[in-house]
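# Summary of the model geometry
Listed here are the chains, written in short residue letters.
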Amino acid sequence: VKELNDLNNLKGRDFLQAEFCNPKSENSIIYTWVWNAPVNYEVIDKKIEEFCKVGIEGFYILPYPKNFRPLQFIPDTDLDYLSKEFFEFVKYAVDKGKAQGMEVWLYDEGGYPSGGAAGKTFAENPKAIETVIGQRDINLMPNDKYAPADDVIATFCDKERVYGGYTNSKDIILTEYYTKLEKEIYPARFNCVDSTNKSVIDTFINNTYEAYKKNLGDTFDGVSAIFTDEPQVLTAFVPENLFEKFYEKYGYDIKDYIYCIYDKKLAITREEQLARVHYGMLIGDLFYENFCKNIAEWCSENNIMFTGHLNIDHRP
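Throughout what follows, the structure given in this document is the object of discussion. (Residues numbered from 1 in each chain as written. Predicted model: local features only at pLDDT ≥ 70, side-chain atom pairs only at ≥ 80, totals over all residues. Heavy atoms only, no water.)

## A few points about the nonpolar core
Core analysis: the biggest nonpolar cluster contains 43 residues, and Trp33, Trp35, Phe86, Val90 and Leu106 have the highest contact counts within it. Non-local contacts of Trp33, meaning those with residues more than four positions away in its chain, are made with Ile44, Lys47, Ile48, Phe51, Phe59, Tyr60, Ile61, Leu62 and Ala93. Among the nonpolar cores identified, the runner-up in size contains 24 residues, and Phe243, Tyr250, Ala267 and Ile283 belong to it. (Core = buried A, V, L, I, M, F, W, Y, C linked by side-chain atoms within 4.5 Å. Buried < 20%, exposed > 50% of the residue type's maximum accessible area, 1.4 Å probe, protein only. Contact = heavy atoms within 4.5 Å.)

See below:
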């Protein structure tokens, strides 16, 4: 009860009915303004005029570059993402919105999910390509010695782990779990980067956050927040030095349970379920430290709020 009373007594915590009914612009709904068509000064003037007429008090610009998801659709735009012309139009739109008393944010990606800088992160940092777990079955003939390939993480006969030199008196099937690059699965998803790797996110920050700050100049100081959109890691993801980091934190070899990391339906026992939980917790820690905290610290240093939403954040 004391803690609740202390909370209620905090300055600025009082509920103001009048402000709730007529919120200030910084507390209003922030609309997504998608740039997926030709943009010029006239278009920007017209759109912001329309926003004001219908009572829109805040927006951020979500650009769809020409190479965003080319297998699904091609945006009707001639504006190159992160180009000098792009920043000139963004600067003009921000200034125009602020002049109308609107709340204006920035958006940190060309399309989504955040991290790829519409392909620039991949182009400049080879570590951006995610490594994931693959599965394949191989036949082992009677008395043949098993020799794992270089890409193999661990091999199992049912759920019993086997190693190089393993033999059997009869014909059996072994299941290998191995590493492969994400681009072999989804070659067009250039925005899905390794968001647990600090050097990758540093590259992303330099290509987007630093670029906005540099190109917007004094206009950047009038922006209150940057929105990040659906940063994520893939299922059965293998971050850099995963196995060493896992053993250091939890004291056992996650390779012994790699089958239930690949397929959650195989996690039946308590030990298997716990291994999946530990794996998820470690991935979450790495994601927080290298994406969330890394960007949040940049925003704090530059006096701007960091906001957005995580992928599938509406599903527990």
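Moving on from the coordinates now.
## Considering unusual backbone geometry
Between Tyr112 and Pro113 the backbone carries a cis peptide bond, its omega angle lying at 0 degrees. The topology assignment puts Pro113 in the loop between β3 (103-107) and α5 (120-124). Residue Glu230 is not a glycine yet carries a positive backbone phi of 55 degrees. For Glu230, the location among the structural elements is in the loop between β8 (225-229) and α8 (242-250). (Helix = DSSP H or I, 4+ residues; strand = E, 2+ residues; numbered from the N terminus.)

## Thoughts on the sheet that holds β8
Ordered by their spatial adjacency, 5 strands build an open sheet running β1-β2-β3-β8-β9, and the pairing between neighbours is parallel. Unpaired on one side and paired on the other, β1 (31-35) and β9 (305-309) mark the two borders of the sheet. Within this sheet the neighbouring strands show an average axis-to-axis angle of 30 degrees, counted without direction. The pairing of strand β2 (residues 58-63) with β3 spans 3 bridges and is parallel. Residue Gly58 lies in a different strand from β3, and its bridge partner there is Glu103. Relative to the sheet, helix α3 (residues 41-53) contacts β1 and β2, its axis offset from that of β1 by approximately 160 degrees. Against the sheet, helix α10 (residues 270-301) contacts β8 and β9, and its axis sits at roughly 145 degrees relative to β9. (Pairing = 2+ DSSP bridges. Axes fitted to C-alpha atoms, helices over the stretch in contact; angles between N-to-C directions.)

## Some remarks on the pattern of salt bridges
The tally for this structure, following the rule as stated, stands at 14 salt bridges. For Asp285, the salt bridge is made with Lys249, and the minimal N-O distance between the two is 2.1 Å. In this pair, Asp285 is assigned in helix α10 and Lys249 in helix α8, connecting sequence segments 36 residues apart. Residue Lys249 is classed as partly exposed on the basis of its relative accessible area, which comes to 42%. What emerges from the salt-bridge pattern is a single network uniting Arg136, Asp151 and Glu176. (Salt bridge = Lys/Arg side-chain N within 4 Å of Asp/Glu carboxyl O.)

## Things to note about the sheet that holds strand β7 (residues 172-181)
The strands that make up a sheet pair up through hydrogen bonds in the backbone, lying either parallel or antiparallel. One open sheet holds the 4 strands; their spatial order is β4-β7-β5-β6, and the pairing between them is antiparallel. At either margin of the open sheet sits one strand with a lone partner, and together these are β4 (131-140) and β6 (160-162). On average, each strand axis in the sheet is tilted by 35 degrees relative to the strand beside it, whichever way the strands run. Pairing analysis gives 10 bridges linking β4 to β7, with the strands arranged antiparallel. Residue pairing in the sheet places Ile133 in a bridge with Thr179 of β7.

## Quick look at the pairing of β1
The sheet contact formed by β1 and β2 spans 5 bridges and is parallel. Across the sheet, Val34 pairs through a bridge with Leu62, a residue of β2. In this fold, β1 hands off to α3, which returns the chain to β2; that crossover is right-handed. (Right-handed = clockwise from strand over helix to strand, strands pointing away.)

## A short note on the packing of helix α7 (residues 209-216) against α10
Between α7 and α10, whose axes approach to 11 Å, the crossing angle comes to 20 degrees. What the angle tells us is that α7 and α10 run roughly parallel. The handedness of the crossing between α7 and α10 is right-handed. Residues Tyr209, Glu210 and Lys213 of α7 form the contact with α10, whose participating residues are Ile295, Trp298 and Cys299. Each residue belonging to the contact of α7 with α10 can be placed in one class, and the counts come to 4 nonpolar, no polar and 2 charged. (Parallel < 35°, antiparallel > 145°, perpendicular 65-115°, else oblique. Left-handed = near helix turned anticlockwise from the far one by under 90°. Nonpolar A, V, L, I, M, F, W, Y, C, P; charged D, E, K, R; others polar.)

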